[in-house]
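Examining the three-dimensional arrangement
Given next are the chains, with one letter for each unit.
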Amino acid sequence: MIRINCPYCGERDHSEFSYGGDATINYPSLDASEKEWTEAIFFRKNIKGFQFETWHHSNGCRMWLVVERSTVTHEIKSVKPCHPDLQKVVENNK
Amino acid sequence: MKTRRIDNYGKINRDKILSFRWDKKDYKGFEGDTLASALLANNIGIVGRSFKYHRPRGIFSSGVEESGALVTIGSKDRRDPNVRATTQELYNGLEASGQNAFPNVNFDLAGINNYLGRFFAAGFYYKTFMGIPPLEWGRGTAIWMFFEKFIRKAAGMGSASELPDPDSYEHAHDFCDLIVVGSGPAGVAAAIEAAEKKLDVILVEQDSLVGGDQLAENNFDNSQIKNQLGNLGIKIMTRTTAFGLYDNCVVGLLERVTDHISAPNVNIPRQRFWTIRAKHIIVGAGAIERHIAFNNNDIPGVMTVNASKHYLNRYGVLTGKRIVIATNNDSVYETAHQLSEAGANVTVLDSRTNFEIETNKSFEIRKGYVPYNINGSKKIDSLDISKSETINKSETINCDQVLLSGGWSPAVHLLSHRGVKPKWDYNNACFLPSDTKENITMVGSSRGLWNKNDCIASGIAGTIDALNRLGISKTNYFFPKPGGWKNPIQPLYEVKNKKSRSKSFVDYQHDVTTDDVRLAHREGFISVEHLKRYTTLGMANDQGKMGNIIGLSLMADLLNKEIPEVGTTVFRPPYTPVSIGALSGRNVGKHFRPLRVTPMHQWNIDHGAKMIEVGLYQRPWYYPKKNETLSDSYIREASTVRKTVGICDVTSLGKIAIQGPDSTEFLNRIYSNDFSNLQVGKARYGIMLRDDGIVMDDGTSWRLAENEYFMTTSTGEAAKVMSWLEELLQTRWTDLNVNVTSVSEQWAGVSVAGPKSREVLNNCVDDSLVVTNNNLPFMGVTSTLLKGNIPCRIARISFSGELAFEVYVKSDFANTMMDLLWENTKKYEGCLYGLEALGALRVEKGHVTVAELDGRVTIDDAGLSKMASTKKSYIGSAMRKRGVLKNKDREILVGFFPTNLKETFNAGTIVCEKNNIKGQGIGRITSVTYSPELGHWIGLGFVKGGLDKWKDTNLVGADPVRNKQMNLKVVSPHMIDPKGERMYA
Ligand SMILES: [Zn+2]
């Protein structure tokens, strides 16, 4: 029963969103090696506590968000747009 | 039979007589009765048979903790099993029957199980599973299979109706500042305090009446409380159970809207499933009285003390005439006094020797005595009692009722749902709620407060706690200390003489005895979680509300530990059972999923289409002419397309507008094949891989302008592809200037296929020059006008392998387009074709769909290696040949023919070598169809090593599910026109 405060839409029920995954991964360039890609997509941390993760407001504004959420309590500390330029816009409008 | 109803008692409405049926006989009760109180009033003692031993069972309680009086309510399609008679309100015409007995609860043939008790002891099922040693070690399932049907019949509860549920259910949502669970003194005090501080309050009560345990007081009238709550604007929800607490102060409620009404309005849902979002939760859920384990403590006539007080003061039913109360605490004395005042002969056995209690001496108190054994089988004849110091039968008291109070357990269940472990309180012999950081406060007797003033004080303190936590106030407060009795409770869970065998029930509903707990201990199941599962203690639908603590204390005793060291099991939602109907709400039948239709849906139906579900979409399946079967129809349709022309609604394909200066670069990264050089006015088939190198989807992209593309995806993957493109643009490639927009709903699409398709289009477009072979070559795209000035997009794309076009118009023009195309298609003796014919055409051609691209297949597996560019990097390119994906013997796309061309086969068939028909074989058939072109059945699928390896070998198609086998051979997947001469025509 998580609620996510979408920077564009306001607080919305988690049923409007789709879970993405680990938001801290730096995906390698397309021409990177198989090894680098394997690291990026298969070797993931299983964090107990706060983690940065992506959520897609799929039944809302369609924006991808970085959510800082506790995997233990579901407490959410922050929600930001994934796109860095949009992050800046949201920051400036605060 | 004499009634047990007595005058001048109870809050029932004696002017309103209700008729009801119990086990096929007619009885009467009053408005305000529960089924249990009406049964008791009618002197019906036996209301069920126990789970394993089929012992007669009576009514143990007056509330949700009931573990004996589980009955079936209603009949036919409204038959509802395992309903607690103690919470079922009586209504006129109610039909109820006892369970788990044949022919009835009074005379049950399976009562013989009672004498076979040692075979049904704890772990019976597990042992039967393992087999009877030493004969059957490791072969246990055989004996289980043999006995299963008998066991299931003998050890069951009521059975649900197998007919469709005629009632409707509803999901509802609400918000508030504070939700208060329970309308006893604590909950009401909390709600009033909060409403006076301007909080928006919802008060939830599982009972039909507000008041909580006060409803068992003889002079209690709740009208003043109700007025006060109403005047403060508090939303009162009665007949509503808070069944679970969830993250972020979400409370799940089940509101029983019409379960108490004889002929409910059909427009009103039977039950409502509420999701309430509160800022704070106050739980005043009360406490539950425990029983005491001793021999035959389940004979009908045994009840908790508090229950008899409820029956007397709320329902006007005196449950016994010669009553023995057995206790270890002070809570029973007021009841003893009232029962004797109402005319019963009362004796109290108190296990304690040293205590003072004020009474008017209207009943006898036997200090230092405990119940030892009940004599009787279907009713109580007498009670053997023992001194509490040394357990041995000392004398016998004639009685018709035994009331038990082994102490009280605060209802900490809801807090337990949040993972908060309760802590054991030695002074009060009960688990008390622990503190939590979440906005939940426990008040009243659910925090171990035994007197009313303390409960009221705790309610007010609870609201101050809530206000403080919500940042509204900063007020000091304190909760009263747990307890409140004059004399301390003396722990008493089981009365047993070590030498004698006994049947002392811990969990009435699952027939778990104290000996079962001992057996579990002897066999090593000593953790409480194991104890629970091995004995099934606390696993029935009462979830051990009465018996759990007794079981824990026994295990603690056996382990020489204290109860807190043994621990307690975790309570999980729901607090009381929630019907499947309420969980599903309106999401049943055709409302189970959203329905998607294309803009020409009605047009298709009007033209004879039979529809089929594809994902959420309704698509035309086939268009039968008179008397045609599905197979007649699709074969005719597919042949017509190959011979002349057919048109098919393809609107359900996903459609995405891709715009912006970096669109070409974007497509070139997401598709495995080259998109860097696609000219304006051309389309290209493309394949997308996932990051891990597996095929995600295929489709076409049309270059409409320098910086604008129109992408189509498969029907099923449309939403996934859209999210994927957005993810890439917003998270990974944030420097690309590209915008993606889903336009699936905006465009209606139709495929015009067959040798005459160009002629048809020619007649339909405004300017007939646009569709000539020169102006619109294979994979050409044009934006033009249909007759009547309808703007459209046409691409020369073929899925069928014939000369074919896809035509798209704005959705509003869909029907006009269909009329126009159909009128001209008919001129060439063409047809409308559906998904089945489309499937036949594409299988003949060897085109893959989601049946083949099932998330396990690489681009090479699908025989599409030439679609994987070697000149660029793209999503999945680094991974598509990783590890096992480069194995030589991977399953490769092939076609299949039956060796005997008269034979048929099914999708799902496993392909095996001739003398090695087992396991997963060497491949599988994914799609099959009758090929009108070839005149026999054909299939697409995969085989290890592909065509080259098995070209000339006879293989076997094994279809064990349908008990079928046939010989088959592997062929090229391109079963007709392999060079594509027709498409380019
Ligand atoms: Zn949003």
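Here, the structure is the one placed above.
Residues numbered from 1 in each chain as written. Chains lettered and ligands numbered in written order. Predicted model: local features only at pLDDT ≥ 70, side-chain atom pairs only at ≥ 80, totals over all residues. Heavy atoms only, no water.

1. A closer look at the overall build of chain A
Our working definition: A run of H or I in DSSP counts as a helix once it spans at least four residues, and a run of E counts as a strand once it spans at least two, with each numbered from the N terminus. Here the term buried applies to any residue with accessible area under 20% of the maximum for its type, exposed to any over 50%, and partly exposed to those in between, with areas from a 1.4 Å probe on protein chains only. Charge assignment: positive for Lys and Arg, negative for Asp and Glu; neither His nor the chain ends contribute. Every charge is mapped onto a representative atom, which is NZ of Lys, CZ of Arg, CG of Asp or CD of Glu.
Regarding its fold elements, chain A presents two helices and six strands. Taking the principal axes of its C-alpha atoms as reference, chain A extends roughly 40 × 30 × 25 Å. Here chain A holds 94 residues, and the buried ones make up 37% of them. Charged side chains of chain A number 12 positive and 13 negative; the gap between the two group centres comes to 4 Å.

2. Considering the coordination of the zinc ion
All names here are of chain A. Definition in use: Only N, O and S atoms count as donors, using a 2.8 Å limit from the metal and a wider 3.2 Å limit for Na, K and Ca, and since water is excluded some coordination spheres may look unfilled. In short, tetrahedral needs four donors with all angles between 85 and 135 degrees, square planar needs four and octahedral six donors with opposite donors over 155 degrees apart and all other angles between 65 and 115, and whatever is left is irregular.
Binding of the zinc ion to the protein goes through Cys6 (SG), Cys9 (SG), His57 (ND1) and Cys61 (SG), at separations of 2.0 to 2.3 Å. With four donor atoms in place around the zinc ion and angles of 105 to 112 degrees between them, the coordination shape is tetrahedral. For Cys9, a relative accessible area of 24% corresponds to the partly exposed category.

3. Observations concerning the interface of chain B and chain A
For clarity, the cut-off: Contact between two residues is taken to exist if any of their heavy atoms lie within 4.5 Å; hydrogens are not considered. Note on terms: buried area is the combined drop in 1.4 Å-probe accessible area of two parts once they are placed together, counting the loss on both. A carboxyl oxygen of Asp or Glu within 4 Å of a side-chain nitrogen of Lys or Arg is what we treat as a salt bridge.
In this assembly, 29 residues from chain B lie in contact with 23 residues from chain A. In this assembly, chain B packs against chain A so that about 2200 Å² is buried in total across both faces, 58% of it on carbon and sulfur atoms. If you look at where chain B meets chain A, you find two salt bridges. The closest approach of N and O atoms between Asp13 of chain A and Arg277 of chain B, which form a salt bridge, is 2.6 Å. In terms of residue count, the dominant contributor to the side of chain B that touches chain A is helix 18 (residues 718-732) of chain B (eight residues).

4. Some words on the side chain of Thr825 of chain B
All names here are of chain B. Condition: Counted as a polar contact is a pair of N or O atoms within 3.5 Å, where, for protein atoms, one must be capable of donating a hydrogen and the other of accepting one, and residues adjacent in sequence contribute only when both atoms are in side chains.
Take Thr825: it is sitting in helix 20 (residues 814-826). Of the polar contacts made by the side chain of Thr825, one reaches the backbone oxygen of Leu821; its length is 2.6 Å. Ignoring sequence-local partners within four residues, the contact set of Thr825 consists of Val645, Ile647, Val760, Gly830 and Cys831.

5. What about the pairing of strand 12 (residues 250-256) of chain B?
Residues and elements named next belong to chain B. Selection criterion: For two strands to count as paired, DSSP must find a minimum of two bridges between them.
In terms of residue burial, strand 12 counts as a mostly covered element, since six of its seven residues are buried. In this structure, strand 11 (residues 240-246) lies alongside strand 12, joined through six bridges in antiparallel fashion. For Gly244, the partnering residue across the bridge sits in strand 12 and is Gly252. From the end of strand 11 to the start of strand 12, which pair antiparallel, there are three residues, and Asn248 there has a positive phi angle of about 55 degrees. Sheet topology note: the strand 12/strand 13 (residues 271-283) ladder contains seven bridges and is antiparallel.

6. So, the sheet that holds strand 47 (residues 964-971) of chain B
Residues and elements named next belong to chain B. Our working rule: Helix axes are fitted to C-alpha atoms over the stretch in contact, other axes to C-alpha atoms as well, and angles between N-to-C directions run from 0 to 180 degrees.
Spatial ordering of the closed barrel is given by 42-45-44-43-46-47, a layout of six strands whose pairing is antiparallel. Between one strand axis and the next, the sheet turns through 45 degrees on average, direction left out of account. The pairing of strand 44 (residues 923-931) with strand 45 (residues 936-944) spans eight bridges and is classified as antiparallel. Among the inter-strand pairings, Tyr930 is bridged to a residue of strand 45, identified as Trp937. Running at roughly 120 degrees to strand 44, helix 21 (residues 835-845) makes contact with strand 44 and strand 45 of the sheet.

7. What to know about the packing of aromatic side chains
When we look at a pair of aromatic rings, we describe it by the centre distance and by the angle of the planes. What counts here: Pairing of aromatic side chains requires ring centres within 6.5 Å, counting the rings of Phe and Tyr and the six-membered ring of Trp. Pairs whose planes differ by under 30 degrees are stacked, by over 60 edge-to-face, and all others tilted. Put simply, a charge is over a ring when the Lys NZ or the Arg CZ is close to the ring centre, within 6 Å, and near the line of the ring normal, within 35 degrees.
Counted by the stated rule, this structure contains 22 aromatic pairs over all chains. With centroids separated by 4.9 Å and ring planes inclined at 75 degrees, the aromatic side chains of Trp424 of chain B and Phe431 of chain B adopt a geometry described as edge-to-face. Between Phe778 of chain B and Tyr984 of chain B the ring centres are 4.6 Å apart and the planes differ by 70 degrees, which places this aromatic pair in the edge-to-face class. Pair noted here: Phe778 of chain B is in the loop between helix 19 (757-764) and strand 38 (781-786) and Tyr984 of chain B is in the segment after strand 47, with a separation of 206 residues, a long-range link. Overall, the relative accessible area of 46% leaves Tyr984 of chain B in the partly exposed class. Three or more aromatic residues link up through ring pairs in this structure, and these residues are Trp702, Phe710, Trp747 and Tyr808 of chain B. Above the plane of the ring of Phe50 of chain A lies Lys77 of chain A, whose end atom (NZ or CZ) is 4.1 Å from the centre.

8. Regarding the pattern of salt bridges
All names here are of chain B. The full count for this structure, using the stated rule, is 59 salt bridges over all chains. The shortest N-O distance in the salt bridge between Arg272 and Glu170 comes to 2.9 Å. One end of the pair, Arg272, is in strand 13; the other, Glu170, is in strand 8 (residues 169-181), with 102 residues separating them in the sequence. Judged by relative accessible area, which is 19%, Arg272 ranks as buried. We classify Glu170 as partly exposed; its relative accessible area is 21%. Through salt bridges that share partners, Arg642, Glu802, Glu844, Glu933 and Arg982 make up one connected network.

9. Thoughts on the packing of helix 19 of chain B against helix 20 of chain B
Residues and elements named next belong to chain B. Where we set the bar: Angles below 35 degrees are treated as roughly parallel, those above 145 as roughly antiparallel, those between 65 and 115 as roughly perpendicular, and all remaining angles as oblique. Whether a crossing is left-handed or right-handed is set by the direction in which the near helix is turned from the far one by less than a right angle, anticlockwise for left-handed and clockwise for right-handed.
Their axes nearest at 9 Å, the elements helix 19 and helix 20 cross at an angle of 130 degrees. Taken together, the axis directions place helix 19 and helix 20 in an arrangement best described as oblique. Here the hand of the crossing between helix 19 and helix 20 comes out right-handed. Judged by residue contacts, Val760, Leu761, Asn763 and Cys764 of helix 19 engage Leu820, Leu821, Asn824 and Thr825 from helix 20.

10. Here's the deal with the state of the cysteines
Put simply, the rule reads: What counts as a disulfide here is a pair of cysteine sulfur atoms lying within 2.5 Å.
Using the criterion set out here, one finds zero disulfides over all chains in the structure. The thiol sulfur of Cys792 of chain B is not disulfide-bonded, and the nearest other cysteine sulfur, from Cys764 of chain B, lies at 9.6 Å.

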